[in-house]
Amino acid sequence: MSYEMYEDFKETMAKTIKTELSAKTANNNQSSDNDLSQRLEQIVYYI
């Protein structure tokens, strides 16, 4: 996989995960949403 393909894949996965987390936490409180966003950022950083 080329570097460009990898970066596109990583970006797509990050967007997908963020969308899924947003949908699942729509009914939860705001602090949980912030925690999940921070965890997502950490995951994307290490991908």
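Structure: see above.
Residues numbered from 1 in each chain as written. Predicted model: local features only at pLDDT ≥ 70, side-chain atom pairs only at ≥ 80, totals over all residues. Heavy atoms only, no water.

Trainee: Can you tell me about the overall build of the chain, naming the residues and giving the values?
Mentor: When helices and strands are tallied, the chain shows two helices and zero strands. Across the 47 residues in the chain, those meeting the buried criterion constitute 9%. Roughly 4100 Å² of accessible area belongs to the chain as shown, and the carbon and sulfur atoms make up 52% of that amount. (Helix = DSSP H or I, 4+ residues; strand = E, 2+ residues; numbered from the N terminus. Buried < 20%, exposed > 50% of the residue type's maximum accessible area, 1.4 Å probe, protein only. Areas by Shrake-Rupley, 256 points an atom, 1.4 Å probe, with all protein chains shown as cover.)

Trainee: Which residues make up a nonpolar patch on the surface, and what values go with them?
Mentor: A cluster of nonpolar side chains, namely Met1, Met5, Phe9 and Met13, defines an oily patch on the protein surface of about 460 Å² accessible area. Looking at the element boundaries, Met1 is found in the segment before helix 1 (3-24). Judged by its relative accessible area of 73%, Met1 is exposed. (Patch = residues over 30% accessible without salt bridge, like charges linked within 9 Å, V, L, I, M, F, W, Y side chains within 5 Å. Salt bridge = Lys/Arg side-chain N within 4 Å of Asp/Glu carboxyl O.)

Trainee: So what about the pattern of salt bridges? Which residues, and what values?
Mentor: Following the criterion strictly, the structure yields two salt bridges and no others. As a salt-bridge pair, Lys10 and Glu7 come within 3.6 Å of each other at their nearest N and O atoms. Note that Lys10 and Glu7 are positioned in helix 1 at a spacing of three residues, about one turn of the helix. With a relative accessible area of 23%, Glu7 lands in the partly exposed category. The closest approach of N and O atoms between Glu11 and Lys15, which form a salt bridge, is 3.4 Å. Here Lys15 and Glu11 lie together in helix 1, a separation of four residues that amounts to about one turn. With a relative accessible area of 46%, Glu11 lands in the partly exposed category.

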